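Below are the chains, spelled out letter by letter.
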Amino acid sequence: QVQLVESGGGLVQAGGSLRLSCAASGSIFSVNAMGWYRQAPGAQRELVATITRGGRTNYKYADSVKGRFTISRNNAWTMVYLQMNSLKPEDTAVYYCNAESVNWRHYWGKGTLVTVSS
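Below, the structure is looked at part by part. Because the structure is predicted, anything quoted here is derived from the model rather than measured. Note on numbering: residues in each chain are counted from 1, in written sequence order. Selection of residues for local features in this predicted model requires a pLDDT of at least 70, selection of side-chain atom pairs for listing and counting requires 80 or more, and totals for whole chains, interfaces and linings are taken over all residues. Values shown for side chains rest on all heavy atoms present in the structure; no hydrogens or waters enter the calculation.

**Overview of the pattern of salt bridges**
Convention followed: In what follows, salt bridge is the name for a side-chain nitrogen of Lys or Arg lying within 4 Å of a carboxyl oxygen of Asp or Glu. The buried label applies to any residue whose accessible area, calculated with a 1.4 Å probe on protein chains only, is under 20% of its type's maximum; exposed applies above 50%, and partly exposed to all values in between. Helix and strand definitions here come from DSSP, where helices need a minimum of 4 consecutive H or I residues and strands a minimum of 2 consecutive E residues; each element is numbered from the N-terminal end.
For the structure shown, the criterion picks out four salt bridges. D63 is the salt-bridge partner of K66, the closest N and O atoms lying 3.3 Å from each other. The two residues K66 and D63 agree in class, both being exposed. A salt bridge links D91 to R68, with the shortest nitrogen-to-oxygen separation between them at 2.8 Å. In this pair, D91 sits in the loop between β8 (79-84) and β9 (93-101) while R68 sits in the loop between β6 (58-61) and β7 (69-73), placing the two residues 23 residues apart along the sequence. For D91, a relative accessible area of 0% puts it in the buried group. One salt-bridge network, held together by shared partners, links R38, E46, R68 and D91.

Pasting the structure below:
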């Protein structure tokens with residue numbers, strides 16, 4: 001079992017920055033990928049950014065956030081961050097931390113709300 005706790009959400013003006021943190025605990029050794037997803041009101045949950053763990057670390061970003069958001073982690077994979085710059089009102093959503101195990105089981109945090117005002 002993997003437990004995830006997000007933090008860092010809040011209210012920010014358009015053009016501003018925010019850094020989200022995800023603290024992971026439990027069977028981290030079994031995780032092969034971690035990332036951030038978001039869900040806006042009335043919308044489906046969508047991928048924001050992911051890190052694939054393995055011999056080579058791969059990064060993936062949604063087209064809508066490329067160049068603005070950066071995902072990172074610590075060496076132990078117990079912390080995952082999402083640096084969000086040049087925020088737009090359309091970035092407003094609940095952001096969820098996600099971990100995928102080697103058997104493709106997914107774990108989710110409870111989410112942190114990010115609100116971007118114009």
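Having seen the structure, we can now continue with the description.
**As for the nonpolar core**
Considering soluble globular proteins, one finds that nonpolar side chains tend to be buried as a cluster. The condition is simple: Residues grouped as a nonpolar core are buried Ala, Val, Leu, Ile, Met, Phe, Trp, Tyr and Cys residues, joined through side-chain atoms within 4.5 Å. Two residues form a contact once any of their heavy atoms are found within 4.5 Å.
In terms of nonpolar packing, the biggest core is built from 30 residues, with L4, M34, W36, L82, M84 and Y95 touching the most fellow members. Those elements that place two or more of their residues in this core are β1 (2-7), β3 (18-26), β4 (31-39), β5 (46-52), β7, β8, β9 and β11 (112-117). When near neighbours in sequence (up to four residues on either side) are disregarded, M34 contacts L4, C22, A24, A49, T50, I51, I71, W77, V80, C97, N98 and A99.

**As for the packing of aromatic side chains**
Let me state the cut-off plainly: A pair of aromatic rings is counted whenever rings of Phe, Tyr or Trp (Trp by its six-membered ring) have centres within 6.5 Å, and the orientation is called stacked for planes under 30 degrees apart, edge-to-face for over 60 and tilted otherwise. In this analysis the charged atom, NZ for Lys or CZ for Arg, is taken to sit over a ring once it is within 6 Å of the ring centre and within 35 degrees of the ring normal.
By the definition in use, this model includes one aromatic pair. Ring centres of Y37 and W108 lie 5.1 Å apart, and the angle between their planes is 70 degrees; on these two criteria the pair is classed as edge-to-face. Taken together, the residues span a long stretch of sequence, with Y37 in strand β4 and W108 in strand β10 (residues 106-108) at a distance of 71 residues. Owing to a relative accessible area of 19%, Y37 belongs among the buried residues under this scheme. Looking at W108, the relative accessible area reads 36%, which means it is partly exposed. Sitting over the face of the ring of Y96, R45 holds its NZ or CZ atom 3.8 Å from the ring centroid.

**A few points about the side chain of S21**
Assignment of secondary structure puts S21 in strand β3. Accessibility expressed as a relative area gives 17% for S21, which makes it buried. Leave out the neighbours within four places in its chain, and S21 touches V5, E6, S7, W36, M79, V80 and Y81.

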